[in-house]
Amino acid sequence: MAEENARTFFEAVEKDEELAKRLSEANSAEEFFDKIIEEGQKLGISLAGDELKTAIEELTSENRELSDEELESVAGGAMYQDFRSKLGQFSAK
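Residues numbered from 1 in each chain as written. Predicted model: local features only at pLDDT ≥ 70, side-chain atom pairs only at ≥ 80, totals over all residues. Heavy atoms only, no water.

Caption draft 1: Representation of the overall build of the chain in the model. Secondary structure summary: the chain contains six helices and zero strands in total. Ordering the α and β elements of the chain from the N terminus gives α-α-α-α-α-α. Going through the 93 residues of the chain one by one, you find that 32% of them count as buried. Put simply, the chain shows about 5800 Å² of open surface, and 44% of that area lies on carbon and sulfur atoms. (Helix = DSSP H or I, 4+ residues; strand = E, 2+ residues; numbered from the N terminus. Buried < 20%, exposed > 50% of the residue type's maximum accessible area, 1.4 Å probe, protein only. Areas by Shrake-Rupley, 256 points an atom, 1.4 Å probe, with all protein chains shown as cover.)

Caption draft 2: Highlighting the nonpolar core. Grouped together as the largest cluster of nonpolar side chains are 18 residues, with contacts concentrated most on Phe9, Leu23, Ile36, Leu47 and Ile56. Mapped by element, the contributors of at least two residues to this core are α1 (2-15), α2 (17-24), α3 (29-42) and α4 (49-59). (Core = buried A, V, L, I, M, F, W, Y, C linked by side-chain atoms within 4.5 Å.)

Caption draft 3: Main features of the pattern of salt bridges. Summed over the entire model, instances satisfying the criterion amount to three salt bridges. Residue lysine 42 is joined to glutamate 39 by a salt bridge in which the shortest nitrogen-to-oxygen separation is 3.6 Å. Taken together, the residues lysine 42 and glutamate 39, both in helix α3 and three residues apart, mark about one turn of the helix. Here glutamate 39 falls in the buried class, since its relative accessible area comes to 8%. The network of salt bridges with common partners includes Arg22, Glu38, Glu39 and Lys42. (Salt bridge = Lys/Arg side-chain N within 4 Å of Asp/Glu carboxyl O.)

This is a description of form; function is not addressed.
Structural data, given as structure tokens:
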């Protein structure tokens, strides 16, 4: 469930440049995850602490293959790429 909710949230971030921008402005892992939870709540997506971190680690695993949709989004906007960069940076801690 947590991974499905995280995936739904990431899809929302991919489609909403302003949301991606707000999230990419986080300066610490704690702030980043707090923003994800807060923004998820605004969208009606339940995201919680440890489950969220586990889901993010699963979704950002270097060994995981990208879906067709994710491959198409690779050429997406810079804000989404900034978000993904922070996601990788902060989930590695």
